[in-house]
Amino acid sequence: MEDMIQMDRAMSTEQDIKISANGVQVYYGENHAIKDVNVEIQDKMVTAFIGPSGCGKSTFLRCINRMNDTIDICRVEGDIRIDGEDIYDARVDPVQLRAKVGMVFQKPNPFPKSIYDNVAYGPKIHGLARNKAELDEIVEKALRRGAIWDEVKDRLHAPGTGLSGGQQQRLCIARAVATEPEVLLMDEPCSALDPIATAQVEELIDELRQNYSVVIVTHSMQQAARVSQRTAFFHLGNLVEFGDTDKIFTNPEDPRTESYISGRIG
Amino acid sequence: MTDATQGGPIRTKGKSILELDTRTKKRNAAEARFKGYGIAAICVSLFFLVSLLVTIVSNGVPAFTQTFVNLSVTLDEAKLDKNGNRNIDEIKKVSTFGYKPLINAALVSATDGIETELTDKDLDKILSASAGAVVRDHVIANPDMIGETVEFRLLTSSRVDGYMKGRVVREDLARDKNLDAAHLDLIDVMAERGAVQRTFNWDFIFGSDASESRPEQAGIGVSMLGSFFMMLVVLALALPIGVAASIYLEEFAPQNRFTDLIEVNISNLAAVPSIVFGILGLAVFIQFAHLPQSAPIVGGLTLTLMTLPTIVISTRASLKAVPPSIRDAALGVGASKMQAVFHHVLPLAMPGILTGTIIGLAQALGETAPLLLIGMVGYIATNYPEGVTSGFLDPNSAMPAQIYEWAKRADPAFYERAWGGIIVLLLFLLTMNLIAIILRRRFERRW
């Protein structure tokens, strides 16, 4: 059984493909928000979604961990596979999926609890720690990965909401990695941050790439160019172009991509 | 350009900002007027509030004191225990009427040496009709004291009490068959001697209601107990049902016609007159379910119906006020919907829920109309704990219903007690609001 799954994975994950989306359509009521998107996201790489506002990049991102399920009028068609498993299969519990696919949101949203509790919450509800010592260890590891350990180690029991914006966002990243996800989705993680905090988070994203497959939605093309290896350009719900970041920014194939990155549309 | 003064210290283009133009003047005047209206409105409300409080306190405070007569009654063996064998059953055979001569005799000796045109028989009009019962209860409790002279502290009649409080004057008694002006002369002398005193009346706070002819004996204690039992029922039912319903509607229910209909109906229910809930309680709980009439459980159930919409509305409002990003954050780390609600949303909504609940309870505490319909106005003459007021299923009254009952009785002494009852009720409401504020602070302090 184990072997079969392994084989199955090996077959579907040529070149280490982590997420593959085929013919994804998303509707908000009558509004067709995502039109037939096919994309393959590789493991241990940063993939950036760029495009003008309202082009559907965030919507698509939220399909990957089924956050769109919480919106009543939202309907998703097509299939998205993680490691070859259809995440919209009837047997999939979105709760289990979200433990595997972590998410960082646009606005830093720490729980109004202590820094420690913020990070420990995920591991606690998933039963990742058997005792307090293990939990402490997980929290420290996550905060170190979130590159915020040195700043907060002396005040782990201070409220997370008392941190600065950039610190809060790194805390949220630490919270997301504490549950040991395989994929990390980031929805414009730096849009509420100043340049210094942005630089810190970008640096962090680059480090996270060693362990996770990272998908980042961003409005800043410079950011996409700085942090990602692969870039997807969305326009009006269509995936216009998808390829290596270098190529997209230097030699785009589609005229729409070229207009966008050169600032003529969007 | 044209009116710029070349080389001058002030270079103005167009109008100077040092002068107000007419539009700005108008706007400033409008703003000042609006502020004036606001201050006037606050002053008017403050005036009403102050006059309300002054009226309540000045009318109600006398109810908390009562006039007593200290009387040495000789417990005559010949009258109380003819056979002299202290048989309790035989002593009990002497009714309160049989104690009248003893009390009269005591009054005669107490007023010894005071000039009065009153006959000895008429003297006991200064005492409450309860005097005989007080002495009898004492004798039955201590039969071995028969034959001794015992000092009693007996209630005066409501007229005498009114005279001591300045409510009754001699002219009022001209056509009053309960008391003569001559009695008041007696009282004056007795008060000088220290035999008649006005002291704090614990019986008003802990006692029960009394019959219409003895306002001096009436207290609010038993109906306070009835209100307390009702509040327990309301709290135990309305809080869990209301909070569960709101959480489901706000967090889990799909948005469709059916839930819209429920929502509209809940808002409408909050505006339904309370007497409608009263008649509903009468029909459902008493006539259909055959629960006992006048019982706090029925009152509690009826008030629960009335309080539920308030709790549901305030709970939903406070759940709505929790930012959606908190739910996203919880779902994002893999919490289930229920975990997200119970671990994160509910604690944040708690202060609002508690405030709403306590406001709902306070509303229920002050509600009278539904209680009239389910019969919670009957007066209960027996004192707690021996009496009929020991539980949820026994007939009882409630504070606002008791106040209403007193206010509609003829004797002005009851009117005074109605005001006193309002003070007690307001103190309860103040305490509840204080608890609401403290709880709110407590839960908000967490972050």
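My aim in this report is to walk through the structure given alongside it, one point at a time. (Residues numbered from 1 in each chain as written. Chains lettered and ligands numbered in written order. Predicted model: local features only at pLDDT ≥ 70, side-chain atom pairs only at ≥ 80, totals over all residues. Heavy atoms only, no water.)

Quick look at the pairing of strand β7 (residues 183-187) of chain A now. Consecutive side chains of a regular strand alternate in pointing toward one face of the sheet and then the other. Residue and element names in this part refer to chain A. Most of β7 sits out of view: five of its five residues are buried. The side-chain alternation of β7 yields two buried faces, one formed by V183, L185 and D187 and the other by L184 and M186. Bridge count for strand β6 (residues 101-104) against β7 is four bridges, and the pairing is parallel. By the bridge assignment, V104 is partnered in β7 with M186. Relative to strand β8 (residues 213-217), β7 is paired through five bridges, and the arrangement is parallel. What sits directly across from L185, in β8, is V215. With helix α8 (residues 195-208) bridging β7 and its parallel neighbour β8, the resulting β-α-β unit is right-handed. (Buried < 20%, exposed > 50% of the residue type's maximum accessible area, 1.4 Å probe, protein only. Helix = DSSP H or I, 4+ residues; strand = E, 2+ residues; numbered from the N terminus. Pairing = 2+ DSSP bridges. Right-handed = clockwise from strand over helix to strand, strands pointing away.)

Residues and elements named next belong to chain A. Within the open sheet, the six strands sit side by side as β6-β7-β8-β3-β9-β10. Their pairing is mixed. In this open sheet, the two strands that pair with only one neighbour each are β6 and β10 (238-244). Between one strand and the next, the sheet's axes are offset by a mean angle of 15°, whatever the strand orientation. As defined by bridge partners, strand β3 (residues 46-50) adjoins β8 across four bridges and the pair is classed as parallel. (Axes fitted to C-alpha atoms, helices over the stretch in contact; angles between N-to-C directions.)

Moving on: the sheet that holds strand β1 (residues 65-74) of chain B. Residues and elements named next belong to chain B. Spatial strand order, β2-β1-β3: three strands in an open sheet with antiparallel pairing. Because the sheet does not close on itself, it has two edges, and the strands there are β2 (149-155) and β3 (196-200). Along the sheet, successive strands turn relative to each other by an average axial angle of 35°, direction set aside. Pairing geometry for β1 and β3, over five bridges, is antiparallel. Residue pairing for β3: T65 is matched across the bridge by F200.

Residue and element names in this part refer to chain B. Scanning the model with the defined rule gives 14 aromatic pairs over all chains in all. Ring geometry for F64 against F200: centres 6.4 Å apart, planes inclined by 20°, an arrangement best described as stacked. You can see F64 sitting in the loop between α1 (22-60) and β1 and its partner F200 sitting in strand β3, a full 136 residues away along the chain. By relative accessible area, F64 is classed as buried at 11%. Note on F200: relative accessible area 39%, which makes it partly exposed. With a centroid separation of 6.0 Å and 20° between ring planes, the pair formed by W202 and F206 is classed as stacked. Taken together, the residues W202 and F206, both in helix α8 (residues 202-206) and four residues apart, mark about one turn of the helix. The same class applies to W202 and to F206, which are both exposed. An aromatic cluster is present here, built from F64, F200, W202, F204, F206 and W406 joined pairwise through their rings. (Phe/Tyr/Trp six-rings, centres within 6.5 Å; stacked < 30°, edge-to-face > 60°.)

Before going further, it helps to examine the interface of chain A and chain B. Listed per partner, the contact involves 24 residues of chain A and 19 residues of chain B. Interface area, chain A with chain B, both sides summed: about 1,800 Å², of which 64% is carbon and sulfur. Looking at the side of chain A facing chain B, the largest losses of area belong to F111(A), P112(A) and Y121(A), adding up to 28% of the total buried there. Between chain A and chain B we count zero salt bridges in total. At the boundary of chain A with chain B, the tally comes to six residue pairs in polar contact (both at pLDDT 80 or more). Of all the secondary structure elements, the ones that give two or more residues to the side of chain A that touches chain B are α3 (94-100), β6 and α4 (115-125) of chain A. When grouped by side-chain class, the residues that make up the side of chain A that touches chain B number twelve nonpolar, seven polar and five charged. (Contact = heavy atoms within 4.5 Å. Buried area = accessible area lost by both parts, 1.4 Å probe. Salt bridge = Lys/Arg side-chain N within 4 Å of Asp/Glu carboxyl O. Polar contact = N/O pair within 3.5 Å; in protein donor to acceptor, adjacent residues only side chain to side chain. Nonpolar A, V, L, I, M, F, W, Y, C, P; charged D, E, K, R; others polar.)

One finds I19(A), F49(A), F60(A), I64(A), L185(A) and F234(A) to be the most contacted residues of the largest nonpolar core, which totals 48 residues. In terms of residues, this core owes the most to one element, helix α14 (residues 337-365) of chain B, which gives six residues. Counting 44 residues, the second largest nonpolar core, distinct from the first, contains I205(B), L308(B), I358(B) and I423(B). (Core = buried A, V, L, I, M, F, W, Y, C linked by side-chain atoms within 4.5 Å.)

Quick look at the environment of V333(B) now. Tracing the backbone shows V333(B) in the loop between α13 (324-332) and α14. With 26 residues separating them in the primary sequence, V333(B) and T307(B) have C-alpha atoms 37 Å apart. Residues in contact with V333(B), not counting those within four places in the same chain, are R98(A), Y121(A), G122(A), I125(A), H126(A), R175(A) and T179(A).

Okay, unusual backbone geometry next. Residues and elements named next belong to chain A. Its identity as a non-glycine residue notwithstanding, R66 has a phi of 60°, on the positive side. Within the secondary structure, R66 is located in the loop between α2 (57-64) and β4 (74-82). Classification of R66 as buried rests on a relative accessible area of 11%. Positive phi is not limited to glycine here, since E180 has a value of about 55°. For E180, the location among the structural elements is in the loop between α7 (165-178) and β7.

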